[in-house]
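Residue strings, one per chain:
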There are 2 protein chains.
Amino acid sequence: MWSRRTVMVSAAASLALSNAAFAAPASVERWGVYEIALKGPQTGNPFDEVTLSAVFVSGARRVVVPGFYDGEGVYRVRFSPPETGGWSWATQSNIRALSGQTGRFEATAPTGQNHGPVRVTKDGYHFAYADGTPFRQIGTTCYAWAQQSDAKCAETLTTLSTSPFNKLRMCIFPNVTAESIDPFVRTGSGDRDWDAKRFDPAFFRRYEDRIRRLGALGIEADIILFHPYNKARGFSNMSRADDERYIRYVSARFSAYRNVWWAMGNEYDGIKTKVMDDWDHLFQVLQAADPHDRLRSIHNINVYYDHRKPWITHASFQNGSAVLDDARAQPYRNFAQKAVIFDEVCYEGNSVKRWGNLTGEQLVMRFWWGTIAGTYVGHSEAYSEPGRTDGSWLGQGGKLIGTSPPRLAFLKTILDTAPTPGIEPIETWYDKHMGGKPFEYYLRYFGAAEPTEWVFELPGRKDDPKNTYRVDIIDTWNMTITPVEGVFTMDIKDAYSFHDPKRPVVTLPGKKWIALRITRVTGKDGVWTNPDLD
Amino acid sequence: MWSRRTVMVSAAASLALSNAAFAAPASVERWGVYEIALKGPQTGNPFDEVTLSAVFVSGARRVVVPGFYDGEGVYRVRFSPPETGGWSWATQSNIRALSGQTGRFEATAPTGQNHGPVRVTKDGYHFAYADGTPFRQIGTTCYAWAQQSDAKCAETLTTLSTSPFNKLRMCIFPNVTAESIDPFVRTGSGDRDWDAKRFDPAFFRRYEDRIRRLGALGIEADIILFHPYNKARGFSNMSRADDERYIRYVSARFSAYRNVWWAMGNEYDGIKTKVMDDWDHLFQVLQAADPHDRLRSIHNINVYYDHRKPWITHASFQNGSAVLDDARAQPYRNFAQKAVIFDEVCYEGNSVKRWGNLTGEQLVMRFWWGTIAGTYVGHSEAYSEPGRTDGSWLGQGGKLIGTSPPRLAFLKTILDTAPTPGIEPIETWYDKHMGGKPFEYYLRYFGAAEPTEWVFELPGRKDDPKNTYRVDIIDTWNMTITPVEGVFTMDIKDAYSFHDPKRPVVTLPGKKWIALRITRVTGKDGVWTNPDLD
């Protein structure tokens, strides 16, 4: 359950609350959102002129958390406690009324589906929640869903509630037709009539409501800070000082939500008013501003950002053909030396644009190739139906009408029982088209080929464990799993591979979109159990 | 001609030579080697204790060139003048006899095949000589050819003289059986009995003779400074101070030769005594030590070095499958943002090792895929013949017995008339399998496919030039070029492509290893001429 949204409580109800802090809860779950609300000045430009932070202390742990102005004289500090136990806090500000306020609260054990924020795993190439629960990324994109009407947003959330998607890329600055509300206060009716120094709290309250609702569905909100679209408004073409204020504001408001990820840019290299030094600088601003250290990435059109830079937690890529083959995808891990998500690989749809006219089969195939390459892939769809404006799930959300989502849900069920921390690529130099965990678990994928048999070889050197395996034939499109009768007892075939000399071949159905799941027989019943999940 | 090797002349013959400098020529070609020889102390350890450099000045240009000790009391400074004109010089040393020597000489215009050193082109992805002549890299590897007997080396040079190869990767530390001579002075008969602080000048004189002979053949010497082989001797496992001395010595001796490239490591990540910080440091040492700023790269086994680092001039990769498809190869340019050479892609041969058992066809195919991806590829061969020790061209040089070299020579003739600075990849996102120069010149490659026709489409948007093209069918294996009758006059086909509506298809021979060359008709005679080469 995602019920730990911030609750405004009266001072009397709090465990210990100084007078000026008019609201703060007495307890919150670990990884939940603890919020302090304070009354302060409304004069001048509080967004620009008031500094506020709170220091949170629990034992030896000390976290400085920036606050933000929420309009109408209300200031807030949001903190997501990384550990259970008692926490105390004290505020600092250049405004006397906001400074020196103190309080304390209890961070309680998480309940329900609260597994904490998603982090990159220790090996560097996969993801898991803070409590260790694996996170198998099946992403989608709805750029401006959050800026649509409440009714449309509700429809999107209903769609997501039965979808496989556990991460959603979404813009702060709308890129398609959206409700008439902006992140910045308007100063007139022209496109450029807005004040970069004044945020509109109503916009952000609404946006963070969407973040929370995604969280309640177990979906990570991959928040896009800048993009090259909507040039008329020019939100991504601000000065460096305005960009910095914006990043700090957004971080102070959103970073306490544990399902927040940061995408610094979408097609960042399409923004012609910023150069590489700007991006590097803004990442450093974000990293310094975010006490919760949420995941950070950046998405390209043509020029790959250098994902080895230290502020990048995982690599996000757009490439239209990288996941058409596991041997194309795998080297991206070598380059980034980090977890890789192909967030954009062309979309399912009927767009006249070739980036948006994949069939469901083509998109599902890309997920499978990416998966066995040890990487992650993103979905969206760009179907234009009569009567739809901005055309698609990609722009505004709403309903999914494509054929890929059920197959991606099926892939997710396969991954749910796969090894942790994730599928590792296997010998892509030699076109094995296989990922998994050596000598335990393999996925072999055939894509659009229609083989009627497969010579069953596993990579292995003479001293490696030979083992006995079961094989399942997976129809990734029709979503069936058909066990192959019996087992395969492996022995040395040559210097590089093992096979079962009595049974060297697996018969296949001669259809497209087939995968094999090869699992080590570990128990008497011949059923492999994931030792990592025991 | 490569006749500008250093000639020792008497002081009387020089234009102006101070007394202690017993030899220095009166003139040298631009990009040739100007060498000063000086007499100095033989006591102590001159390699470690004597500092020597010379400042070369021509107009506003000033270059500080480190010298080196060549044994028997002889010290040398080697300088390759980057510009024609009068140059003067003066030495600096911590030894009075070597310090304050002066002289001058004339750098004359280059003659014959002296095109200067190879540099990365301004666009960043290709190579050209300093005088602008294109350099189309067709590399090979003979790790320890230079350490073989003079007779064997002569055989290798004879082989190279009729080969297509214009770059050769070669180790300083031998990795296979070699003549019994080491870069360091031996202190006993054991593997580890050598003194890292004392170089053996005879070894280096011999090695630089090989560099010069390669230069005379127009072949770049890609010199490998460290590698993980020959662990018994442990030359690649020295201390940082010893590594630094070695790099400075090698640079002072070799960098004046204009055909020198630096490969900091071969399978660098196989050297377990060095970590990334060591490699970064050694590159910085090399960059500071080399006044000629020769090309610098590093070659991996599994862990890709971050080629965006500023001291890397071009990216060198080993990958066994990257050039099995242009869409696999092209992203390496995106990552490195520099010219890419796949120096090792498995070798032609009959090795039991799978890295050395490609057929000629398979290796030639890799060159073509790499070429149309806008990258460069390297050859070697690992054939074991009866009676050969260390088996192969790869280890010791000698004769080439594989079938790929003539086909690589054929590829080179194709590239000789291709656009400059080089072939650019075209729409790899959409599997066009095409490289060239848009609206001028295209190479379309089919690899192992055996199509009987090709739907002739060129990428283009409505406002792009339509143009008229001729087509040649290239059999890359049988080395034939067959012009297709007539021309193709292009018009819009759809939002992304052009075709000739009267002639939408090219008939193909239904064989493997076919490429098409599509050239814009520019003259009345219908023959495309490379405007870059005019």
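What counts and how
Residues numbered from 1 in each chain as written. Chains lettered and ligands numbered in written order. Predicted model: local features only at pLDDT ≥ 70, side-chain atom pairs only at ≥ 80, totals over all residues. Heavy atoms only, no water. Contact = heavy atoms within 4.5 Å. Buried area = accessible area lost by both parts, 1.4 Å probe. Salt bridge = Lys/Arg side-chain N within 4 Å of Asp/Glu carboxyl O. Polar contact = N/O pair within 3.5 Å; in protein donor to acceptor, adjacent residues only side chain to side chain. Helix = DSSP H or I, 4+ residues; strand = E, 2+ residues; numbered from the N terminus. Domains from an automatic or database assignment. Expected span 1.5 Å × (residues − 1). Buried < 20%, exposed > 50% of the residue type's maximum accessible area, 1.4 Å probe, protein only. Arc of directions from axis to C-beta. Pairing = 2+ DSSP bridges. UniProt positions renumbered as here; feature names shortened; annotations may be inferred. Least-squares fit on C-alpha atoms with pLDDT ≥ 70 in both. Axes fitted to C-alpha atoms, helices over the stretch in contact; angles between N-to-C directions. Parallel < 35°, antiparallel > 145°, perpendicular 65-115°, else oblique. Left-handed = near helix turned anticlockwise from the far one by under 90°.

**Student:** Residues and numbers for the interface of chain A and chain B, please.
**Tutor:** At the junction of the two partners, chain A supplies 35 residues and chain B supplies 35 residues. Carbon and sulfur atoms make up 51% of the area that chain A and chain B hide from each other, which totals about 3,000 Å². The largest contributions to the chain A side of the interface with chain B come from Phe335(A), Arg354(A) and Trp429(A), which together make up 30% of the buried area. Applying the counting criterion to the chain A and chain B interface returns six salt bridges. For Arg354(A), the salt bridge identified is with Glu427(B), shortest N-O distance 3.0 Å. The interface formed by chain A and chain B holds 14 residue pairs in polar contact (both at pLDDT 80 or more) in total. Where the side of chain A that touches chain B is concerned, the elements lending two or more residues are strand E19 (315-318), helix H6 (326-329) and helix H7 (331-336) of chain A. Examining the composition of the side of chain A that touches chain B, we find that four residues originate from one element, H7(A), more than from any other.

**Student:** Just give me the short version of the domain arrangement of chain A, but keep the residues and values in it.
**Tutor:** All names here are of chain A. Domain parsing of chain A yields domain 1 (11-108), domain 2 (124-416) and domain 3 (438-533). Look at where the C-alpha atoms of domain 1 and domain 2 centre, and you get two points 29 Å apart. Domain 1 puts 19 residues into the contact, and the matching count from domain 2 is 19 residues. Buried surface at the junction of domain 1 and domain 2, both sides included, amounts to about 1,600 Å², of which 56% is carbon and sulfur. Of all residues in domain 1, Trp31, Phe47 and Arg78 give up the largest surface area on contact with domain 2, accounting jointly for 39% of the area buried on that side. On inspection of domain 1 and its partner domain 2, the count reaches four salt bridges. In this structure, the salt-bridge partner of Asp48 is Arg245, at a minimum N-O distance of 2.7 Å. Across the domain 1-domain 2 interface, the total number found is 10 residue pairs in polar contact (both at pLDDT 80 or more). Residue assignment for the side of domain 1 that touches domain 2 shows that the elements contributing at least two residues are helix H1 (46-49), strand E6 (61-69) and strand E7 (74-79).

**Student:** How would you summarise helix H2 (residues 150-161) of chain A if you had to cite specific residues and measurements?
**Tutor:** All names here are of chain A. If you check H2, its first and last C-alpha atoms are 16 Å apart, about what 12 residues at 1.5 Å a residue would give, namely 16 Å. Along H2, the residues that are buried comprise Cys153, Thr156, Leu157, Thr159 and Leu160. End-on view of H2: buried residues confined to an arc of 160 degrees, all on one side of the axis. In H2, the exposed residues that point more than 90 degrees away from the buried face are Ala151 and Thr158. Residues of H2 that are buried sit in contact with strand E12 (138-141), strand E13 (167-171), helix H3 (201-216) and helix H9 (393-396).

**Student:** Run through the sheet that holds strand E32 (residues 491-494) of chain A, naming residues and quoting values.
**Tutor:** Residue and element names in this part refer to chain A. With respect to topology, three strands assemble into an open sheet ordered E28-E33-E32, the strand pairing being antiparallel. Each of the sheet's edge strands pairs with one partner strand only, and the pair in question is strand E28 (458-459) and E32. Bridge count between E28 and strand E33 (residues 497-499): two bridges; the pairing is antiparallel. The partner of Pro459 across the bridge, within E33, is Ser497.

**Student:** Let's hear about the UniProt feature "domain: DUF5060" (unreviewed entry) in chain A: which residues, and what values?
**Tutor:** Taking the numbering used here, the UniProt-annotated feature "domain: DUF5060" (unreviewed entry) corresponds to residues 28-94 of chain A. The distance from the first to the last C-alpha atom of residues 28-94 of chain A is 28 Å, and the span holds 6% helix and 58% strand.

**Student:** Before we move on, can you summarise the relation of the copies chain A and chain B with the specific residues and values?
**Tutor:** Placing chain A over chain B gives an RMSD of 0.0 Å and needs a rotation angle of 180 degrees, together with 0.0 Å of translation along the axis. The operation mapping one copy onto its partner corresponds to a two-fold rotation axis. No C-alpha of chain A lies nearer the rotation axis than that of Arg328(A), which sits 2.3 Å from it. The overlap is high: 100% of the interface residues of chain A also sit at the interface in chain B, so the same surface is used on both sides.

**Student:** Could you give me a rundown of the packing of H3(A) against helix H4 (residues 240-254) of chain A, with the residues and numbers involved?
**Tutor:** Residue and element names in this part refer to chain A. Running from N to C, H3 and H4 point in directions that differ by 45 degrees, and their axes come no closer than 11 Å. In terms of orientation, H3 and H4 fall into the oblique class. Pair H3 / H4 crosses with right-handed handedness. Here H3 contributes Pro201, Phe204, Arg205, Tyr207, Glu208 and Ile211 to the contact with H4, which in turn contributes Tyr249, Val250, Arg253 and Phe254.

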